[in-house]
Amino acid sequence: MKPSTIKKHAVTGVIALVCLAAFPARGQDNPQPMSLEGAFGRFTERRPAPTEFASEAERQRTLRIQYMTALSGLYRVLVAEPSRNSSAVELQKPAAHALATMAAQIPSVFRVPSPAPEGASGALPLIWDVTKKEEFNALTESFKASAESLRNTVGNGGDVRRALYAVRYHCIACHSIYRSAAK
Ligand code: HEC
């Protein structure tokens, strides 16, 4: 190998190492702790959220999982306080409002084809099968309607339990059809 070629390889190697260090290959990898400073002192964020992803599909998967986790948190808040006698009932309206607003955006987390990698649990390729698109769209539309109905029910003092049941039906239906089970 010519010295110039060796030098070229060495430079490429160094660049690759720097890139690897700066941009971890997988979104789940924990980046370095981060220092946060503000009016209440200086603190350390030990698990900063990754901002770099190995691929667009991986970014979409991460976004979708975070979106789903948010839906789940809102749903759990509502399930924990379905009674009007509860002292935490003031969370009902904002939670139902947020759930309906988030639900209305569900098509956006499925826009880019990004199924789970081979053998991993997660979104099935069926979601992006163009010949089956109508069924999937019908489910997301019906889910949006159920969340909107829940928001209205909470607003007008109707049967919140029944409205929650309808929302939950959609979560489970979609997971059963379009998500591969955790192994
Ligand atoms: C239209 C389909 C659909 C609907 C409706 C839906 N989900 Fe999901 N959900 C998915 C798919 C697909 C995944 C797998 C995401 C992935 O790994 O890419 C998922 C994943 C999840 C996860 C796992 C996240 C993780 O940590 O891996 C949770 C929790 C979740 N959904 C909660 C909910 C809740 C709660 C609702 C209803 C309020 C809901 N989902 C409605 C399709 C749906």
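All of the points below concern the structure found in this document. Keep in mind that this is a model prediction, so the values were computed, not measured.

Regarding the overall build of the chain
Helix and strand counts for the chain come out as five helices and four strands. Within the span of the chain, comprising 183 residues, buried residues form 13% of the whole.

A few points about helix H4 (residues 133–156)
Across its 24 residues, H4 extends 35 Å between first and last C-alpha, which sits within 8% of the 34 Å expected from 1.5 Å per residue. Considered for burial, the residues of H4 that qualify are Phe 143, Ser 146, Ala 147, Leu 150 and Val 154. Close packing links the buried residues of H4 with helix H3 (92–103) and helix H5 (160–178). Once H4 ends, the next one or two residues include Gly 157, with phi positive near 70°.

Points about the site of the ligand
Inspection of the region around the ligand gives 22 residues, with Met 68, Gly 122, Ala 123, Cys 171 and Cys 174 positioned closest. Elements with a minimum of two residues in the shell around the ligand: helix H2 (56–80), strand E3 (122–123), H4 and H5. Among the elements that take part in the shell around the ligand, H2 stands out by supplying eight residues, more than any other. By residue class, the composition of the shell around the ligand is 13 nonpolar, six polar and three charged.

As for the nonpolar core
Soluble globular proteins tend to bury their nonpolar side chains together. The biggest cluster of nonpolar side chains holds 18 residues, and the ones touching the most others in it are Ala 96, Leu 99, Ala 100, Ala 103, Ala 147, Leu 150 and Leu 164. Of all the elements in the fold, those that place two or more residues in this core are H2, H3, H4 and H5. Per-element accounting of this core gives the leading share, five residues, to H3. Excluding residues that lie within four positions of it along the chain, Leu 99 makes contacts with Leu 71, Leu 74, Tyr 75, Ala 147 and Leu 150.

Scoring rules and cut-offs
- Residues numbered from 1 in each chain as written.
- Predicted model: local features only at pLDDT ≥ 70, side-chain atom pairs only at ≥ 80, totals over all residues.
- Helix = DSSP H or I, 4+ residues; strand = E, 2+ residues; numbered from the N terminus.
- Buried ≥ 20, exposed ≤ 12 C-beta atoms within 10 Å, placed from the backbone.
- Expected span 1.5 Å × (residues − 1).
- Contact = placed C-beta atoms within 7 Å.
- Near = placed C-beta within 6 Å.
- Nonpolar A, V, L, I, M, F, W, Y, C, P; charged D, E, K, R; others polar.
- Core = buried A, V, L, I, M, F, W, Y, C linked by C-beta atoms within 7 Å.

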